Every structure is written in structure tokens, then in C-alpha cells.
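# Tertiary structure, described
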Number of protein chains: 2
Amino acid sequence: MAVEVVYRSTRDPEQLFMDKAEADRHDKMLELAETLRDVLQKAVPSLSEQQGEELGIFMAKNRAVFAKAFKNQAEALNELEMPG
Amino acid sequence: MAVEVVYRSTRDPEQLFMDKAEADRHDKMLELAETLRDVLQKAVPSLSEQQGEELGIFMAKNRAVFAKAFKNQAEALNELEMPG
């Protein structure tokens, strides 16, 4: 038996990582997702909490593609792999 | 009386512009809004058509801010002016 270090984001304590960089990436993703959720819920008040959550996570996970789409090429969004 | 040139996007024929560049910008904005609407509706199927529309327009109108947020700084979203 031994003791080992694991890492987690305080935003999602259930998810443990062996690698600190991966935990950092997860934390950043969740941070962006939360900000998006808040902004989109203010802009479109009819969104449910669940919808805001899903939108934020989806976009934050696909951050690079959305960055491209907003920068100059909407077509970048065609690269997205869709759930289901 | 005289005849004059006006411009419009075929995506929104009601809206006329005196300036071609402005009409172009409007068309680009609507194109991005439509693409976003489609992508977000696929990702979050519970969204209504109306919600998808509003999300797409809101984000497309604030394209530069979202570009920054997705590129590297989520804080850019704090600059957004909210409707209402």
C-alpha cells in the first residue's frame, strides 16, 4: 500500500486526476462553462437551469471550434461532433 | 424624385441599408446566428426554436466578445451589455 497524490477541481470534486495539468484543464473548462451559462441565461431568460448548464458545458468542451467560428469562420462549427 | 440604390440581406429582406458594407455585416451576422442556432439545437435538443434563434442572434451580435472568451479569456464575457 502507498499514498499517492491526486488532483481535482473544486468545481467538480468527484472527478479525480492523476495529472495536475489535466485537472487544470478540467477546471478551466468548467469555469468557462459556468460563465457561459450565466451570460446565456441572462440573455435568454426562458432557458432552464439545465439548458444553461448543457449549453455552457457543450461550448466549453468545444472551445477551440467556437473560438474559430467567432473569430472568422462560422464553417468551423461543421467540425463539431454531435452527441447522439 | 429620384431612384436610389438600397441593399439588403436575402436572409432578412425587411431590413434595408444605404451602405453595402453594413448590409454585408448584417448578412454575416445572420449567417453566424443561423449556424449557431443549428449547432446548439442539435447539442441541446430541449431548446425551443425561439430559444435557439435568440441564442444565435445574441452570440452573433457579440461575436468579438465571444471570440475573446473562447480564445483565452472567459472574463471578456463580463463586458457584455445585457438586454433588459
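Residues numbered from 1 in each chain as written. Chains lettered and ligands numbered in written order. Predicted model: local features only at pLDDT ≥ 70, side-chain atom pairs only at ≥ 80, totals over all residues. Heavy atoms only, no water.

By the naming in an unreviewed UniProt entry, chain A is YebG family protein, taken from Isoalcanivorax pacificus W11-5.

Further remarks concern the relation of the copies chain A and chain B. Expressed as a screw operation, the relation of chain A to chain B combines 0.0 Å of axial shift with a rotation of 180 degrees, fitting to an RMSD of 0.0 Å. Between the two chains, the operation in question is that of a two-fold axis. No C-alpha of chain A lies nearer the rotation axis than that of A67 of chain A, which sits 2.5 Å from it. Take the interface residues of chain A: 100% of them recur as interface residues in chain B, which is what a same-surface contact looks like. (Least-squares fit on C-alpha atoms with pLDDT ≥ 70 in both. Contact = heavy atoms within 4.5 Å.)

Interfaces are often sized by the amount of accessible area the parts lose when they come together. In this assembly, 28 residues from chain A lie in contact with 28 residues from chain B. In this assembly, chain A packs against chain B so that about 2600 Å² is buried in total across both faces, 77% of it on carbon and sulfur atoms. Summed over the shared surface of chain A and chain B, the number is seven residue pairs in polar contact (both at pLDDT 80 or more). Counting residues per element, the ones that place at least two in the side of chain A that touches chain B are α1 (20-43), α2 (49-61) and α3 (63-71) of chain A. (Buried area = accessible area lost by both parts, 1.4 Å probe. Polar contact = N/O pair within 3.5 Å; in protein donor to acceptor, adjacent residues only side chain to side chain. Helix = DSSP H or I, 4+ residues; strand = E, 2+ residues; numbered from the N terminus.)

Our focus in this paragraph is the nonpolar core. By size, the foremost hydrophobic cluster in this structure holds 44 residues, and its most contacted members are M59 and F66 of chain A together with M59 and F66 of chain B. When sequence neighbours within four positions are dropped, the list of residues in contact with F66 of chain B reads L36, V39, L40 and F70 of chain A together with F58, M59, L77 and L80 of chain B. (Core = buried A, V, L, I, M, F, W, Y, C linked by side-chain atoms within 4.5 Å. Buried < 20%, exposed > 50% of the residue type's maximum accessible area, 1.4 Å probe, protein only.)

Working definition: an aromatic ring pair is given by the centre-to-centre distance plus the angle between the planes. Going through the model one piece at a time under the given rule, you end up with seven aromatic pairs over all chains. Ring centres of F58 of chain B and F66 of chain B lie 6.0 Å apart, and the angle between their planes is 85 degrees; this geometry places the pair in the edge-to-face category. Each member of the pair, F58 of chain B together with F66 of chain B, is buried. One aromatic cluster in this structure is built from F58, F66 and F70 of chain A together with F58, F66 and F70 of chain B. (Phe/Tyr/Trp six-rings, centres within 6.5 Å; stacked < 30°, edge-to-face > 60°.)

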